[in-house]
Amino acid sequence: MSRVILLRDVQFAYGPHPVLRGVDLQVEAGETVALLGPSGAGKSTLLGCMAGLRVPDSGTVSLDGHDLRGMSRDQLADLRLRTFGFVLQEGGLLDELDLLEKRRAAAAPG
Ligand SMILES: Nc1ncnc2c1ncn2[C@@H]1O[C@H](COP(=O)(O)OP(=O)(O)OP(=O)(O)O)[C@@H](O)[C@H]1O
Ligand SMILES: [Mg+2]
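Keep in mind it's a predicted model, so treat the numbers as computed, not measured.

Cut-offs applied
Residues numbered from 1 in each chain as written. Chains lettered and ligands numbered in written order. Predicted model: local features only at pLDDT ≥ 70, side-chain atom pairs only at ≥ 80, totals over all residues. Heavy atoms only, no water. Phe/Tyr/Trp six-rings, centres within 6.5 Å; stacked < 30°, edge-to-face > 60°. Buried < 20%, exposed > 50% of the residue type's maximum accessible area, 1.4 Å probe, protein only. Helix = DSSP H or I, 4+ residues; strand = E, 2+ residues; numbered from the N terminus. Contact = heavy atoms within 4.5 Å. 1 Å grid on protein atoms, 1.4 Å probe; cavity = no way out; pocket = protein on both sides within 12 Å on 5 of 7 lines; lining within 4 Å. Points joined across faces, edges and corners; volume = space filled by probe spheres on them. Nonpolar A, V, L, I, M, F, W, Y, C, P; charged D, E, K, R; others polar. Pairing = 2+ DSSP bridges. Patch = residues over 30% accessible without salt bridge, like charges linked within 9 Å, V, L, I, M, F, W, Y side chains within 5 Å. Areas by Shrake-Rupley, 256 points an atom, 1.4 Å probe, with all protein chains shown as cover. Salt bridge = Lys/Arg side-chain N within 4 Å of Asp/Glu carboxyl O. Near = heavy atom within 4 Å. Polar contact = N/O pair within 3.5 Å; in protein donor to acceptor, adjacent residues only side chain to side chain.

Chemist: Mind showing me how you'd approach the packing of aromatic side chains here?
Modeler: Both the distance between ring centres and the angle between the ring planes are used here to describe each pair of aromatic rings. One pass over the full model with this rule turns up one aromatic pair. Ring centres of F12 and Y14 lie 4.8 Å apart, and the angle between their planes is 75 degrees; on these two criteria the pair is classed as edge-to-face. The buried category is assigned to F12, whose relative accessible area is 8%.

Chemist: Hey, could you run me through the environment of T45 in this one?
Modeler: By the element assignment, T45 lies in helix 1 (residues 43-50). For T45 and P56, which are eleven residues apart along the polypeptide, the C-alpha to C-alpha distance reads 9.6 Å. The residues contacting T45, other than those within four sequence positions of it, are F12, Y14, V19, L20 and R54.

Chemist: When you look at the layout of surface pockets in this model, what are you seeing that I'm missing?
Modeler: Where empty space is left in the structure can be found by rolling a water-sized probe over the atoms. Its volume calculated, the largest pocket comes out at about 840 Å³. In this structure, the largest pocket is lined by 32 residues; those nearest its centre are L47, G48, M50, G85 and F86. Split into classes, the residues belonging to the lining of the largest pocket amount to 18 nonpolar, eight polar and six charged.

Chemist: What exactly am I supposed to notice about the sheet that holds strand 3 (residues 58-63) here?
Modeler: Hydrogen bonds between backbone groups are what pair the strands of a sheet, and the pairing can be parallel or antiparallel. On the basis of which strands lie adjacent, the open sheet formed by four strands has the order 2-1-3-4 and antiparallel pairing. Because the sheet does not close on itself, it has two edges, and the strands there are strand 2 (17-28) and strand 4 (66-67). When strand 3 meets strand 4, the two strands line up antiparallel, connected through two bridges. Counted as the bridge partner of L63 is H66 from strand 4.

Chemist: What's the story with a nonpolar patch on the surface in this structure? I'm lost.
Modeler: On the surface, L35, L47, L53, F86 and L88 cluster together to form a nonpolar patch covering roughly 430 Å² of accessible area. For L88, the position within the fold is in the loop between helix 2 (73-83) and helix 3 (99-107). For L88, a relative accessible area of 43% translates into the label partly exposed.

Chemist: What exactly am I supposed to notice about the site of ligand 1 here?
Modeler: Taken together, Y14, V19, P38, S39, G40, A41, G42, K43, S44, T45 and Q89 are the residues near ligand 1. Between ligand 1 and Y14, the relevant distance is 3.4 Å, taken from a nitrogen atom to a side-chain nitrogen or oxygen of the residue. One of the backbone N or O atoms of S44 is found 2.9 Å from an oxygen atom in ligand 1. The protein chains hide 57% of the 630 Å² of surface that ligand 1 would expose on its own. In terms of residue count, the dominant contributor to the shell around ligand 1 is helix 1 (three residues). By residue class, the composition of the shell around ligand 1 is four nonpolar, six polar and one charged.

Structure, rendered in structure tokens:
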């Protein structure tokens, strides 16, 4: 099967504040998608759900037909290491490493 990110009816709320309401999205291999919206619209939250960093309240997120809900934290971390590339919006980088060094460190065995 071709590589695909699939979201179906994804809902997410921070406590009582709903952010994602019924999001459907399909991204095929090789496709370029821009997610546009005003600040606070939920773009980062949606990316977090796609990468398994946030767990939707309902709906499904799958990658290549594998439902992220069934994956352990370790499996999700492995998926992010091998499948996703993120340029983080807020910090999250180690000051002493540049991006390539950080990636090499993450990929090193042990
Ligand atoms: N950790 C959190 N706890 C509570 N509310 C949050 C949290 N993170 C984001 N929010 C709220 O959820 C909504 C969506 O935030 P999100 O960061 O996904 O928006 P965004 O579209 O990425 O915005 P920006 O363009 O500023 O990056 C906003 O109202 C935000 O204040
Ligand atoms: Mg954002």
